Protein chains: 2
Amino acid sequence: MASHAHDHEQCISEALGSAERVCAQRGARLTPLRKRVLELIWESHEAMKAYDLLDRLGQEGGSAKPPTVYRALDFLLAQGLVHRIESENAYVGCRHPERTHEFQLLICDDCRHVEEIAVSGVTEALGKHAKKQGFTVTSQTVEVHGQCPSCRDRA
Amino acid sequence: MASHAHDHEQCISEALGSAERVCAQRGARLTPLRKRVLELIWESHEAMKAYDLLDRLGQEGGSAKPPTVYRALDFLLAQGLVHRIESENAYVGCRHPERTHEFQLLICDDCRHVEEIAVSGVTEALGKHAKKQGFTVTSQTVEVHGQCPSCRDRA
DNA sequence: ATGAGTGTGTTATATTGTAACGATAATATT
DNA sequence: AATATTATCGTTACAATATAACACACTCAT
């Protein structure tokens, strides 16, 4: 268990609560299936893979197949409730689904813990440089790999 | 054809030349197969997929199978001769294989042209932020998606 | 109630990537 | 030069990730 200590029960319930809230606001339907997938993703702060979600759903009696999970993920991504980690083919919950935002991810290659950060200036610097050469930015993927404090201490 | 105008024949030959050079320096073996894969990647400045490389190799008479391509790519990545584009599962040639370096990629979602850039401050800002929270950085993936000038003009 | 849109189940398949083993070629050691 | 060692390559099989296409059920606005 990661020692990024916090009350994780509360963490999950806050995440689900704010998901309900933003979906209600937008008229988006957070169905039981979608909510369950989001809950599974929030079971940890680690990168979660689609087929792991699939296995978990399968264990719960249902007959889960890939499209079930990928469709739920598509919805959650569209609502900003989760982020996709491109360099891992994995997913992680987002605490700030209220509005789209630029962000960066710190990914621990030992324990797979993922931390969402917002480093001031990064988005702007990239945007400015792109603009200077006539490139119109629509999205950014910024993923930093390394070792988190807990794993470093353990070693 | 992208209108990022330049003499592409020369561009390829420079890339292959510097590949030969750095491999010779390091005692790394740029075999005919590896060189051919690198050459195929440099046929354009666009994101190239592993299975497209596989098809090209197949057309040349040989019996190319996935491990052939992936092993060549592993070598080229290890030597810094190509970069992997995580958000595309694709590969692009690198002009600066002499030493490892942090870089960012501008990826046109219309024409798939990829431009390697080095925005001053981005790596440092990310590193600084990571360090402040005790995170040790080993690598960064920075990929900016959008529309390149040529595609914007065309539209 | 009905028709349009949305969500889910299901089958099948596409795409991306590796493990493992043997054959061959390059390099190093004697 | 002959042999040992390692690196590279070919091949088979398969694992992991993701999507297309169609059927059916549900919602809800008319």
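Our structure is the block above this text.
Note that this is a predicted model, so its numbers are computed, not measured.

Undergrad: When you look at the pairing of strand β4 (residues 114-117) of chain B in this model, what are you seeing that I'm missing?
TA: A regular strand places its side chains so that they alternate between the two faces of the sheet. Residue and element names in this part refer to chain B. For strand β3 (residues 104-108) and β4, the ladder comprises four bridges, and the chain directions are antiparallel. When the bridges of β4 are listed, leucine 105 appears paired with glutamate 116. Where β3 folds back onto β4 in an antiparallel hairpin, the turn is made up of five residues, including arginine 112, whose phi is positive at roughly 65°.

Undergrad: Teacher, can you tell me more about the relation of the copies chain B and chain A here?
TA: Both copies of the chain are related by one operation, a rotation about an axis with a shift along it. Note on the copies: chain B fits chain A at an RMSD of 0.0 Å, the axial shift is 0.0 Å, and the rotation between them is 180°. In short, the pair behaves as if placed about a two-fold rotation axis. Among all residues of chain B, the one whose C-alpha sits closest to the rotation axis is B:Val142, at a distance of 2.2 Å.

Undergrad: Hey, could you run me through the sheet that holds strand β5 (residues 136-147) of chain A in this one?
TA: Paired through their backbone hydrogen bonds, the strands of a sheet run either parallel or antiparallel. Spatially, the six strands line up as an open sheet ordered β4(A)-β3(A)-β5(A)-β5(B)-β3(B)-β4(B), and their pairing is mixed. Of all the strands in the sheet, the pair left with one neighbour each is β4 (114-117) of chain A together with β4 of chain B. Taking each pair of neighbouring strands and ignoring which way they run, the sheet shows an average axis angle of 20°. Across the sheet, helix α5 (residues 122-132) of chain A touches β3 (104-108) and β5 of chain A together with β3, β4 and β5 (136-147) of chain B, and the angle it forms with β5(A) is around 135°. Seen against the sheet, helix α5 (residues 122-132) of chain B touches β3, β4 and β5 of chain A together with β3 and β5 of chain B and runs at an angle of roughly 135° to β5(B).

Undergrad: Looking at this model, I keep getting lost on the protein's contact with DNA strand D. Mind explaining?
TA: Around DNA strand D lies a shell of 18 residues, among which A:Lys49, A:Tyr51, B:Thr31, B:Ser63 and B:Arg71 are the nearest. A breakdown of the atoms of DNA strand D within 4 Å of the protein gives sugar and phosphate a share of 50%. Contacts to DNA strand D include B:Lys65, whose side-chain N or O atom sits 3.4 Å from a phosphate oxygen. A distance of 2.5 Å separates a base nitrogen of DNA strand D from a polar atom in the side chain of B:Arg71.

Undergrad: When you look at the packing of helix α2 (residues 32-41) of chain B against helix α3 (residues 50-59) of chain B in this model, what are you seeing that I'm missing?
TA: Angle between the axes and distance between the axes are the two parameters that describe a pair of packed helices. Residues and elements named next belong to chain B. As a packed pair, α2 and α3 sit with axes 10 Å apart at the nearest point and diverge in direction by 115°. Two packed elements cross with a definite hand, and for α2 against α3 that hand is right-handed. Side by side, α2 and α3 meet where Leu33, Arg36, Val37, Leu40 and Ile41 of the first sit next to Leu53, Arg56 and Leu57 of the second. Class assignment of the residues belonging to the contact of α2 with α3 gives a composition of six nonpolar, no polar and two charged.

Undergrad: Is there a simple way to explain the packing of helix α1 (residues 8-26) of chain A against helix α2 (residues 32-41) of chain A in this structure?
TA: Residue and element names in this part refer to chain A. One can describe the packing of α1 onto α2 by two numbers: an axis separation of 10 Å at closest approach and a directional angle of 145°. In the packing of α1 onto α2, the handedness of the crossing is right-handed. Contacts between α1 and α2 involve Ile12, Leu16, Ala19 and Glu20 from the first element and Lys35, Leu38 and Glu39 from the second. Residues that form the contact of α1 with α2 fall into these classes: four nonpolar, no polar and three charged.

Undergrad: Where do I start with the pattern of salt bridges in this structure?
TA: Side-chain pairs of opposite charge can arise where the charged atoms are in close proximity. Residue and element names in this part refer to chain A. For the structure on display, the rule yields 14 salt bridges over all chains. Close ionic contact of glutamate 20 with lysine 35 constitutes a salt bridge, the shortest N to O distance being 2.4 Å. One end of the pair, glutamate 20, is in helix α1; the other, lysine 35, is in helix α2, with 15 residues separating them in the sequence. Within this structure, Arg36, Glu39 and Glu60 form a network of salt bridges that share partners.

Undergrad: Please clarify how the protein's contact with DNA strand C should be interpreted in this entry.
TA: Taken together, 19 residues surround DNA strand C, and among them A:Thr31, A:Ser63, A:Arg71, B:Lys49 and B:Tyr51 come closest. What you see for DNA strand C is that sugar and phosphate hold 55% of its atoms within 4 Å of the protein. The leading source of residues in the surface near DNA strand C is helix α4 (residues 66-78) of chain B, at four residues. A per-class count over the surface near DNA strand C returns seven nonpolar, four polar and eight charged.

Undergrad: Is there a simple way to explain the interface of chain B and chain A in this structure?
TA: Note on interface size: it is often stated as the accessible area lost on association of the parts. Between chain B and chain A, the contact holds 34 residues from the first and 34 residues from the second. Summing both partners gives a buried area of about 2,800 Å² for chain B against chain A, and 62% of it is carried by carbon and sulfur. If you look at where chain B meets chain A, you find 10 residue pairs in polar contact (both at pLDDT 80 or more). Listed by contribution, the elements that provide at least two residues to the side of chain B that touches chain A are β3, β4, α5, β5 and α6 (149-154) of chain B. Per element, the largest residue contribution to the side of chain B that touches chain A is 12 residues, and it comes from β5(B). Tallied by class, the residues present in the side of chain B that touches chain A amount to 16 nonpolar, 13 polar and five charged.

How each quantity is defined
- Each chain carries its own residue numbering, running from 1 in the direction its sequence is written.
- By the order in which they are written, chains take letters starting at A while ligands take numbers starting at 1.
- Side-chain atom pairs in this predicted model are given and counted only at pLDDT of 80 or more, local residue features only at pLDDT of at least 70, and totals for whole chains, interfaces and linings cover all residues.
- Side-chain metrics rest on all non-hydrogen atoms present in the structure, leaving aside hydrogens and water.
- When DSSP finds at least two bridges between two strands, those strands are taken to pair.
- Secondary structure is summarised from DSSP: a helix means a run of H or I of at least four residues, a strand means a run of E of at least two, and numbering begins at the N terminus for each.
- Least squares is used to superpose the copies, and the fit set is the C-alpha atoms of residues whose pLDDT is at least 70 in both copies.
- Comment: axis = line fitted to C-alpha atoms, over the contacting stretch for helices; angle = value between 0 and 180 degrees taken between N-to-C directions.
- Residue contacts are counted whenever heavy atoms from the two residues lie within 4.5 Å of one another.
- A cutoff of 4 Å decides nearness: a residue is near a molecule or strand if any of its heavy atoms lies inside that distance of it.
- Polar contact is the term for a pair of N or O atoms within 3.5 Å; when the atoms are in protein, one must be able to donate a hydrogen and the other to accept it, and sequence-neighboring residues count only if both atoms are side-chain atoms.
- Helix crossings are classified by the rotation of the near helix relative to the far one: an anticlockwise turn of less than a right angle makes the crossing left-handed, while a clockwise turn makes it right-handed.
- Residue polarity follows a fixed list, in which Ala, Val, Leu, Ile, Met, Phe, Trp, Tyr, Cys and Pro are nonpolar, Asp, Glu, Lys and Arg are charged, and the others, Gly among them, are polar.
- Put simply, a salt bridge is a Lys or Arg side-chain nitrogen that is within 4 Å of an Asp or Glu carboxyl oxygen.
- Two parts lose some accessible area (1.4 Å probe) when they are put together, and adding that loss for both gives the buried area.

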